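Listed below, chain by chain, are the residues.
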Amino acid sequence: MNLLPKSSTEFSSTDYWDSFFKKRGKKAFEWYGEYLELCEILHKYIKTTDKILIIGCGNSTLGIDLHNVGYSQIVNIDVSHVVIKEMKTKVKPGLEFLQMDALNTTFEDCSFSVVLDKGTLDALMPDSTQSTLDQIDKLFHETDRVLKQGGRYICISLLQVHILKYLLEQFTELGWMIRVCRCPEAENKSISEGGRGLPVFAVICTKLKKMAQMKLVYEVCLYGDTIQRMESIDEMLAAIKAAQDAAMICTGLNRCSLTDSGEVVIDLTKPNEKEPRYTVIVADKDDVKDASNMTFAAFIVPQRREHEWLFGVPEGRKTLVKSSGFDRLAIVHLHRDHIYTSLKDVQEETADVIMRLSPPIKNNSKAPIIPYLSVGSDIGNCKEIARGESKMSGGYVIEEIEDSDKNILRRLIFLSNQNCIQSEAKLKTVKIRGKVSTVIDYSYLACDHHTYMTLGVNMVAKPKDMFDMLVIGLGGGALSMYLHACFKQATINTVDIDPVVHKIAKEHFGLKENKNLKVTIDDGIQFIHSVSTRGNVQ
């Protein structure tokens, strides 16, 4: 039975809708959710005393449901005489059904407090051709005409970009206040029924008297109850698109394996904040046996351990997934400059999003229980030692963390590249004159390439011969101090372009200069050119 149009343009055809409702019979057709999924939004923006006009009502039970819970002035209109004939059998006091075109109504000016549109705008605007825009202009003109001052046009829509952009432009021109809210219950029902889970939105346009130099109000409420003020149409478009893109990613993850597609990375940001609070990386096992029935868990990476190989690079995360025993992991990174009180709180805060990242699961009539894994029983220990700003390198932070072997590591991180550890040193406790102190362990090298650099020096250096050594880049000075300890006969000059880095190395990483270990503040490339001319590194 062909219930949907052969082309999107048929949505604006009266003949199509007459045929549609004849074929469908008495079974209600609900665009974007029923009353139960939309009632939270509707009750928030419609008062029981409001006089409501529902345009393009079809055979939806929305008007009847609203009437049943106390809304006593509801007029439903539709262009199809077939559906209105059917719906008139359900007329009650305060609930009317009229055959009428929403583009050309016969109501008096300022007759209604609310115009409610569930899918009608989407049906009438399949594209942005001039003929379509002419129709939408008529719809918006009629909406403006029949609404009282302070009245609201409430439009339930998927908000395709051409629809949202035109709606925002037209109601901005009228001087109306515009708020876009997400309808999560409608999305969740769609997902539970095997649908694509596309985001459903309610656009609330409030009719205000247009005044010269009036500041226009654009707002979004996309997550929870937090309302964000937008500065422009472009900013609102970007916020809605980000929500739609994230939903599309989640839908894809619900339907297929990532085995041949790499990883998916999603940043989670609180409303009204610019910096992400979490980054979630979704990775699948290479040899998933049944891509239609995968096992799934979340893994919370302890604070400041996201740089480690197991958590910080794709190859490491593949190893983590394999060792976990699950087909898919959602690996959660906690961000700097945010406070996390416990693993339980992190789990509760991320649970809704993690659920949406689940893989294909058979017999998923019930939401699966997702295990949360981690290293140890807490979110990790991290202490900030210092923070500052360099004119050359930007903001930086020095922090101490405890690794899985209970070692205390001090790290220098530049905030412009927070996923990279600029320098790392291990701390050790020593007793000096009966007093226990914490000092830098100069025998520790943080990375393999420092080890191989040291081995290279050892291969060319002669034990008893003095020689000069040039190190380009100081960082915390750990490599220079290690080389100085290993090669007492060497005179080492370390060149760094940033004087702030030099200060950090001395104050926080134990750099101690002497006649055989010095630091020069200069551009490394220029310094190499100069020493090639004069023949020594000092």
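Residues numbered from 1 in each chain as written. Predicted model: local features only at pLDDT ≥ 70, side-chain atom pairs only at ≥ 80, totals over all residues. Heavy atoms only, no water.

### Thoughts on the pairing of strand E11 (residues 278-284)
Of all 7 residues making up E11, 7 are buried, and the element is well covered by its neighbours. Side chains Tyr278, Val280, Val282 and Asp284 of E11 all project onto a buried face; the interleaved residues Thr279, Ile281 and Ala283 project onto the opposite face, where all are buried too. In this sheet, E11 lies alongside strand E10 (residues 264-268) in antiparallel orientation, the contact comprising 5 bridges. Within E11, the residue paired with Leu268 across the bridge is Tyr278. Where E11 lies against strand E13 (residues 328-334), 7 bridges are found, and the strand directions are antiparallel. Bridge assignment links Val280 to a residue of E13, and that residue is Val332. (Buried < 20%, exposed > 50% of the residue type's maximum accessible area, 1.4 Å probe, protein only. Helix = DSSP H or I, 4+ residues; strand = E, 2+ residues; numbered from the N terminus. Pairing = 2+ DSSP bridges.)

### A closer look at the packing of aromatic side chains
Counted according to the given criterion, the structure contains 8 aromatic pairs. Consider the rings of Phe140 and Tyr153, whose centres lie 6.2 Å apart with planes at 65°: the pair is edge-to-face. Taken together, the residues Phe140 in helix H6 (residues 130-146) and Tyr153 in strand E5 (residues 147-157) connect sequence positions 13 residues apart. For the pair Phe140 and Tyr153, a shared accessibility class is recorded, and that class is buried. On the basis of an interplanar angle of 55° and a centroid distance of 5.4 Å, the ring pair of Tyr278 and Tyr340 is categorised as tilted. With Tyr278 in strand E11 and Tyr340 in the loop between E13 and helix H12 (343-356), this pair connects stretches of sequence that are 62 residues apart. Taken individually, Tyr278 and Tyr340 each receive the classification buried, so the pair is uniform in this respect. (Phe/Tyr/Trp six-rings, centres within 6.5 Å; stacked < 30°, edge-to-face > 60°.)

### Describing helix H13 (residues 448-460)
Its 13 residues give H13 an end-to-end C-alpha distance of 19 Å, which sits within 8% of 18 Å, the value for a rise of 1.5 Å per residue. If you check which residues of H13 are buried, you get His450, Thr454 and Val457. On an axial view of H13, the arc spanned by its buried residues comes to 55°, and they lie on one face. Across from the buried face of H13, at angles greater than 90 degrees, the exposed residues are Asp448, Tyr452, Met459 and Val460. Where H13 is buried, its residues touch strand E20 (467-472) and helix H14 (478-486). (Expected span 1.5 Å × (residues − 1). Arc of directions from axis to C-beta. Contact = heavy atoms within 4.5 Å.)

### Observations regarding helix H9 (residues 233-255)
Residues spaced three or four apart along an α-helix face the same direction, because each turn holds 3.6 residues. End to end, H9 covers 33 Å across 23 residues, agreeing with the expected 33 Å (1.5 Å per residue, within 8%). Within H9, burial applies to Ile233, Met236, Leu237, Ala239, Ile240, Ala243, Gln244, Ala247, Cys250, Thr251 and Leu253.

### Section: the sheet that holds strand E15 (residues 382-390)
Taking strand neighbours across the sheet as the criterion, the 5 strands line up as E15-E16-E17-E18-E19 in an open arrangement whose pairing is antiparallel. Of all the strands in the sheet, the pair left with one neighbour each is E15 and strand E19 (435-440). On average, each strand axis in the sheet is inclined to that of its neighbour by 20°, with strand direction left out of account. When strand E17 (residues 408-414) meets strand E18 (residues 423-432), the two strands line up antiparallel, connected through 4 bridges. By the bridge assignment, Arg410 is partnered in E18 with Ala425. (Axes fitted to C-alpha atoms, helices over the stretch in contact; angles between N-to-C directions.)

### Overview of the pattern of salt bridges
Per the counting criterion, the structure on display carries 24 salt bridges. For Asp109, the salt bridge is made with Arg145, and the minimal N-O distance between the two is 2.8 Å. In this pair, Asp109 is assigned in the loop between strand E3 (95-99) and strand E4 (112-118) and Arg145 in helix H6, connecting sequence segments 36 residues apart. Of the charged contacts in the structure, one is a salt bridge between Lys215 and Glu231, with a shortest N-O distance of 3.8 Å. In this pair, Lys215 sits in the loop between strand E7 (201-206) and strand E8 (218-221) while Glu231 sits in the loop between strand E9 (228-230) and H9, placing the two residues 16 residues apart along the sequence. The residues Lys215 and Glu231 share a single accessibility class, namely exposed. One continuous salt-bridge network, built from bridges that share partners, spans Lys47, Asp50 and Arg152. (Salt bridge = Lys/Arg side-chain N within 4 Å of Asp/Glu carboxyl O.)

### Comments concerning the pairing of E18
For E18 and E19, the ladder comprises 6 bridges, and the chain directions are antiparallel. By the bridge assignment, Thr429 is partnered in E19 with Thr438. In this structure, the hairpin formed by E18 and E19 is closed by a connection of 2 residues, where Arg433 is found at a positive phi of approximately 55°.

### Structural notes on empty space enclosed by the protein
Throughout the structure, instances matching the rule amount to 2 cavities of 30 Å³ or more. By volume, the largest cavity is sized at about 60 Å³. Lining the largest cavity, in full, are Ala425, Lys426, Ile440, Asp441, Tyr442, Tyr444, Ala478, Met481 and Phe509. Contributions of two or more residues to the lining of the largest cavity are made by E18 and H14. (1 Å grid on protein atoms, 1.4 Å probe; cavity = no way out; pocket = protein on both sides within 12 Å on 5 of 7 lines; lining within 4 Å. Points joined across faces, edges and corners; volume = space filled by probe spheres on them.)

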